[in-house]
Amino acid sequence: MSFSPRLEVDLDKIKYNTAKIVQLCQEQGISVLGVTKGFTAIPQIVTAILEGGVDGLADARMENILELRKAGFSIPITLLRIPRLSNVETVVKYSNVSVNSEITVIQALGQAALKIGAKHHIILMVDVGDLREGILTEHVLDTVQAIVKLDGIALDGLGTNMGCFGGILPEYNNLNILVQLGKLIESKLGVNLEVLSGGGTSSLLLVEKGEMPRGINQLRIGEGLLLGTDTTNNRNIDWLQNDAFILKAEVIEVKAKPSVPIGNIGRDAFGNIPEFADVGIRNRAIVAFGKQDGYIEGLIPVEPGITILGASSDHMILDITEAARKIRVGDELAFRVNYSGLLSVSQSRYVKKVFRKELLWLN
Ligand SMILES: *Cc1c(COP(=O)(O)O)cnc(C)c1O
């Protein structure tokens, strides 16, 4: 039996992307954490990212970090989602660094670290405008003052996150706030910060343009090294590979059908009232991949002339009228994935993961 649907992962392309990003950042004194949450930290992919030369790993979920430790990865791992108060023991035991914004949680992390005779390192998240996590700039000095008093905690530095909730673009001005805060903390409190962590893939564009404020010395990159895309800035990163992940699914029906359903319209399988434009009789294909298998809106057909019309739990319906070749039952269709698509198919138990290495490795 061949596995379908399956996610084909080209490990060399991921290694290539990682090495390119690491090289660009290194030239400007910026270290790179490889973010593994986008693909549930699958070990083969983690290995490719490590071979690409990242300085550490980062993930949003302790479950993934525990799996990585179990699989024998001993490299420093940063926890990217601010820790739950109820989970601090696990955090200090298995992650080296966590990002934080609540002093209550930081105190609890300190207590937990002392209990196992360790110091837990943290990055204090500052909200410079995206309004996801982080303390507001006016509270930074007070918070840092409280943190440096804690025995079990080592404050590595400040971090920020953008382009996630508010869609705010990283720019010289908002990232420079971190640099200025770092200077203020040094002059007012005599505290030297090692790390200024300036965001994820959406911050890469500033590095490319040479506009990253001096002093930002870490990025936490996921999307860029996996997909070679930068959703926040709405671009394919043209010096990276965009097709390291390809989803393949099998065609189970091909028929010419009208473009508007026949009969009175009620609700679809998900309670929505569907609408259809009448464009006449169209050639349609159904593939064995539905909403239960992964996030349909996160898929992009590779072959030109094929569009996704929609899906139910188990069937995806495609318009193949303009396809360049004749598509038959039993054929496989290929799809690229965007970040949401990758999130869903990588954790889908219905999608088999297959790893490939191509001869793409150039330099
Ligand atoms: C997910 C995440 C990242 C990585 O973002 P990408 O856009 O995938 O590069 C970085 N930092 C934090 C805090 C995150 O949650």
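Here's a quick rundown of the structure. Since we're looking at a predicted model, the values are computed, not measured.

So, the overall build of the chain
Within the chain, the regular secondary structure consists of 10 helices and 19 strands. With the C-alpha coordinates of the chain rotated into their principal frame, the extents come out at 75 × 50 × 40 Å. Taking all 363 residues of the chain together, 48% fall into the buried category. Across the chain, contacts joining residues at least 24 apart in sequence account for 63% of those joining residues at least 6 apart. Accessible area for the chain stands at about 17400 Å²; split by element, carbon and sulfur atoms hold 50% of it. Treating the 37 positive side-chain charges of the chain as one cloud and the 41 negative ones as another, the clouds have centres 4 Å apart.

Remarks on the nonpolar core
Ranked by internal contacts, the top residues of the largest apolar core, which has 89 residues, are Ile 45, Leu 226, Phe 245 and Phe 289. Excluding anything up to four places from it in sequence, Phe 245 contacts Leu 7, Glu 8, Val 9, Ile 14, Ile 45, Leu 226, Leu 227, Phe 335, Arg 336, Val 337 and Leu 342. The next biggest cluster of nonpolar side chains, apart from the first, holds 10 residues, and it includes Leu 33, Val 35, Ala 60 and Val 195.

Here we look at a nonpolar patch on the surface
A surface patch of nonpolar side chains, about 300 Å² in accessible area, is lined by Ile 265, Ile 273 and Phe 276. Here Phe 276 is to be found in the loop between β13 (245-258) and β14 (281-287). Judged by its relative accessible area of 44%, Phe 276 is partly exposed.

Regarding the site of the ligand
Neighbouring the ligand are 13 residues; Lys 37, Thr 201, Arg 220, Gly 222 and Glu 223 lie closest to it. Here an oxygen atom of the ligand sits 3.1 Å away from a polar atom, N or O, in the side chain of Arg 132. With the chains in place, 91% of the 390 Å² that the ligand exposes on its own is no longer accessible.

Remarks on helix α3 (residues 62-70)
Those residues of α3 that fall on the buried side of the exposure criterion are Met 62, Asn 64, Ile 65 and Leu 68. Viewed end-on, α3 has its buried residues packed into an arc of 155°, placing them on one side of the element. Along α3, exposed side chains directed more than 90 degrees from the buried face belong to Glu 63 and Lys 70. Lining the buried residues of α3 we find α2 (43-51), β3 (56-59), β4 (77-79) and α4 (88-94).

Side note on helix α10 (residues 339-346)
Looking at α10, one finds that the buried residues are Gly 341, Leu 342, Ser 344, Val 345 and Ser 346. Turning to α10, the residues buried within the fold contact β1 (6-10), α9 (223-227), β13, β18 (332-337) and β19 (352-356).

Side note on the environment of Arg 132
Checked against the element boundaries, Arg 132 lands in the loop between β6 (120-127) and β7 (135-136). Overall, Arg 132 belongs to the partly exposed group, its relative accessible area being 40%. Taking C-alpha positions, Arg 132 is 9.6 Å from Thr 160, a pair spaced 28 residues apart along the chain. Setting aside anything within four residues of it in sequence, one finds Arg 132 in contact with Asp 127, Asn 161, Cys 164 and Phe 165.

Focus on the pattern of salt bridges
In this structure the tally under the stated criterion is 16 salt bridges. The partner of Glu 8 in a salt bridge is Arg 356, with the nearest N and O atoms 3.8 Å apart. Highlighted residues: Glu 8 in strand β1 and Arg 356 in strand β19, separated in sequence by 348 residues. Look at Glu 8 and you get buried, because its relative accessible area is 9%. Linking Lys 15 and Glu 51 is a salt bridge whose minimum nitrogen-to-oxygen distance equals 3.8 Å. Linking Lys 15 in helix α1 (residues 11-26) with Glu 51 in helix α2, this pair joins segments that are 36 residues apart in sequence. Glu 51 sits in the partly exposed class, given a relative accessible area of 42%. Salt bridges here are not isolated pairs; linked through shared partners, they connect Arg 6, Glu 8, Lys 248, Glu 332 and Arg 356.

Reading the values: rules and limits
Residues numbered from 1 in each chain as written. Predicted model: local features only at pLDDT ≥ 70, side-chain atom pairs only at ≥ 80, totals over all residues. Heavy atoms only, no water. Helix = DSSP H or I, 4+ residues; strand = E, 2+ residues; numbered from the N terminus. Buried < 20%, exposed > 50% of the residue type's maximum accessible area, 1.4 Å probe, protein only. Contact = heavy atoms within 4.5 Å. Areas by Shrake-Rupley, 256 points an atom, 1.4 Å probe, with all protein chains shown as cover. Lys, Arg positive; Asp, Glu negative; His and termini not counted. Charge placed at Lys NZ, Arg CZ, Asp CG, Glu CD. Core = buried A, V, L, I, M, F, W, Y, C linked by side-chain atoms within 4.5 Å. Patch = residues over 30% accessible without salt bridge, like charges linked within 9 Å, V, L, I, M, F, W, Y side chains within 5 Å. Salt bridge = Lys/Arg side-chain N within 4 Å of Asp/Glu carboxyl O. Near = heavy atom within 4 Å. Polar contact = N/O pair within 3.5 Å; in protein donor to acceptor, adjacent residues only side chain to side chain. Arc of directions from axis to C-beta.

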